[in-house]
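Working through the structure, step by step
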Amino acid sequence: MENRQKTENLAPQQKINEELFKKAAELKKKNVEIQQKLVELKKRTDEILHPGPSKV
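Residues numbered from 1 in each chain as written. Predicted model: local features only at pLDDT ≥ 70, side-chain atom pairs only at ≥ 80, totals over all residues. Heavy atoms only, no water.

Topic: the overall build of the chain
Worth spelling out the cut-off: Secondary structure is summarised from DSSP: a helix means a run of H or I of at least four residues, a strand means a run of E of at least two, and numbering begins at the N terminus for each. Between buried and exposed lies partly exposed: a residue is buried under 20% and exposed over 50% of the maximum accessible area for its type, with that area taken using a 1.4 Å probe on protein chains only. A 1.4 Å probe and the Shrake-Rupley method give the accessible areas. Residues count as covered only by the protein chains that appear here.
Helix and strand counts for the chain come out as 1 helix and 0 strands. Across the 56 residues of the chain, 0% fall into the buried class. Working note: accessible area of the chain is about 5900 Å², and carbon and sulfur atoms make up 59% of it.

Here we look at a nonpolar patch on the surface
Rules: Every patch collects residues that have over 30% relative accessible area and no salt bridge, joining them within 9 Å if they carry like charges and within 5 Å if they are nonpolar side chains (Val, Leu, Ile, Met, Phe, Trp, Tyr). Only one rule defines a salt bridge in this text: a Lys or Arg side-chain nitrogen within 4 Å of an Asp or Glu carboxyl oxygen.
A cluster of nonpolar residues, Ile-34, Leu-38 and Leu-41, forms a patch on the protein surface that exposes about 290 Å² of accessible area. Residue position: Ile-34 is located in helix 1 (residues 2-49).

So, the pattern of salt bridges
Evaluation of the coordinates by the stated rule reveals 2 salt bridges. Linking Lys-22 and Glu-19 is a salt bridge whose minimum nitrogen-to-oxygen distance equals 3.8 Å. Residue Lys-22 and its partner Glu-19 are located together in helix 1, separated by 3 residues, close to a single helical turn. Residue classification places Glu-19 among the partly exposed positions, given a relative accessible area of 37%. With its nearest N and O atoms 3.1 Å apart, the salt bridge here joins Lys-42 to Asp-46. One end of the pair is Lys-42 and the other is Asp-46, both in helix 1 and 4 residues apart, which spans about a single turn. Note on Asp-46: relative accessible area 24%, which makes it partly exposed.

This is the structure:
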């Protein structure tokens, strides 16, 4: 009987884990997008502060 109860408790935990993995994947994707935007902003800032041939 104890084994059956453990199995029943694992199902909701499995669902929670799947949701956490989905959220983690979304956050990683957003993090990459933000990092790309930061790179673009840095390039634009460098162009404004140091006009002329780019050193990048």
